Amino acid sequence: MTDEQLQAWIEQISLRSFGVPFRHKARFNSRLRTTGGRYFMKTHHIEINPAQLAAYGEEEVERIIKHELCHYHLHLAGRGYQHRDADFKALLQKVGGSRYCNALPGAKQRKTLPHRYKLVCADCGMTYLRKRRVDPARYRCGRCAGKLRLYSLSEA
């Protein structure tokens, strides 16, 4: 599918699902890795990840397009266009857009660090695991407000 075909497809979906024309540019962007599409607030352009089309087909990409068109139409109308806004959630539900896109096959999973530190309350013994080192003098126990002691899990 070419950028011109994508443009026509998005214009058609906009008229059919929203009843309002899409008057800006749409194109594929193969550099997108973790997202199915992107809406630009300054230019009002939309980019779609072509790997989503190859992996999941036109039906899933149409839901991604509807998601981006929700951002587009709500932003131009001056209503809540962000993911957290009720206007966005309601319109997305109404038109049948996807809230999240599917992960691409072969995509790298984010590695999480192991817990390396443990904070222990001196009064009640409550433990808090942390991946990063913190200054225990700046914090108190959430249960009893007691002082905390820091231990490295490699030593514990």
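Rules behind the numbers
- Residues numbered from 1 in each chain as written.
- Predicted model: local features only at pLDDT ≥ 70, side-chain atom pairs only at ≥ 80, totals over all residues.
- Heavy atoms only, no water.
- UniProt positions renumbered as here; feature names shortened; annotations may be inferred.
- Pairing = 2+ DSSP bridges.
- Helix = DSSP H or I, 4+ residues; strand = E, 2+ residues; numbered from the N terminus.
- Axes fitted to C-alpha atoms, helices over the stretch in contact; angles between N-to-C directions.

Per an unreviewed UniProt entry, the protein chain carries the name Protein SprT-like and comes from Paenibacillus barengoltzii J12. For the protein chain, the Sequence similarities (unreviewed entry) comment in UniProt is given as "Belongs to the SprT family."

1. Side note on the sheet that holds strand β1 (residues 26-28)
Ordered by their spatial adjacency, three strands build an open sheet running β1-β3-β2, and the pairing between neighbours is mixed. The outermost strands of the open sheet, each flanked by one partner alone, are β1 and β2 (37-39). Averaged over all pairs of adjacent strands, the angle between strand axes in this sheet comes to 15°, irrespective of strand direction. Both β1 and strand β3 (residues 46-48) contribute to a ladder of three bridges, which runs parallel. Directly across from alanine 26, in β3, lies its bridge partner isoleucine 46.

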